[in-house]
Every structure is written in structure tokens, then in C-alpha cells.
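# A look at the structure
Residues per chain are reported as follows:
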Amino acid sequence: MEERPNYYAVIPADVRYDKDLTDKAKLLYGEISALSNKKGYCFASNKYFADIYEISQGTIKRWLKQLEDKEYIKRDYSYKAGTKEILNRWIQICTHPSSKMIPPR
């Protein structure tokens, strides 16, 4: 039996209402936030996300790029020595206040 974390997903207002993101990219953000609850980062693979959403890994790559381009997530990698082969990937939620939500003075 496959273990699935039972954490709450959090999708802040600036992500939820961002018209530049697809709805599924917003849902992926929530999945990343849920998987990040325990350690502060997520190390799930594109294959893991593709399997749970029953879509292609290419689609997951596009959604992750949308989130990264808007600075909602940050991805870090470790590489096999002397190569460009990725050994590990960490996805971290970027926490930054939304200027849209702060009333003007």
C-alpha cells in the first residue's frame, strides 16, 4: 500500500487569484505546500505528481515553471559529480508578502 501524507494544503490568496497561473498549477502549489509541512521542502519527483494527477510529466514541468516564474516556489538541485545529471531536487515554497493584499496608506 502506497503511503500518502495526510497534511493540509495551503494556497495563499496571491496564488489563488493569480490570473497568470492555470488552475491546476494552483492545485499543484497546494500539493507542494502539503508535502512541505513536515520538513519545510518537498522532494517529490515529476513522476510522482504526474501519477497522482494522471497527466504527463511534461505538463507537471509546465506547471512548476509557472509557479517558479512567479516566484511562488524555488527549486534547488544536487548533481552527480562532474555531470549535469540530477541526483536530488528540492522544491520550497517562497514566502513573500503580497503587495496586492496590503491596503495603501
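For the structure given in this document, a descriptive report is provided here. (Residues numbered from 1 in each chain as written. Predicted model: local features only at pLDDT ≥ 70, side-chain atom pairs only at ≥ 80, totals over all residues. Heavy atoms only, no water.)

### Observations regarding the packing of helix α2 (residues 23–36) against helix α3 (residues 46–53)
Their axes nearest at 12 Å, the elements α2 and α3 cross at an angle of 120 degrees. With respect to each other, α2 and α3 are oriented oblique. The interaxial crossing formed by α2 with α3 has right-handed handedness. Contact with α2, carried on its side by L27, L28, E31, I32 and L35, involves Y48, F49, I52 and Y53 of α3 and no other residues of that element. Residues of the contact of α2 with α3, tallied by class, amount to eight nonpolar, no polar and one charged. (Axes fitted to C-alpha atoms, helices over the stretch in contact; angles between N-to-C directions. Helix = DSSP H or I, 4+ residues; strand = E, 2+ residues; numbered from the N terminus. Parallel < 35°, antiparallel > 145°, perpendicular 65-115°, else oblique. Left-handed = near helix turned anticlockwise from the far one by under 90°. Contact = heavy atoms within 4.5 Å. Nonpolar A, V, L, I, M, F, W, Y, C, P; charged D, E, K, R; others polar.)

### Some details on the pattern of salt bridges
A complete count under the given rule lists seven salt bridges for this structure. One salt bridge connects K65 with D69, and the closest N-O pair in it is separated by 3.1 Å. Remark: D69 and K65 occur in helix α4 (residues 57–69); sequence separation between them is four residues, near one turn of the helix. Shared partners join several salt bridges into a network, and the residues in it are D18, D20 and K70. (Salt bridge = Lys/Arg side-chain N within 4 Å of Asp/Glu carboxyl O.)

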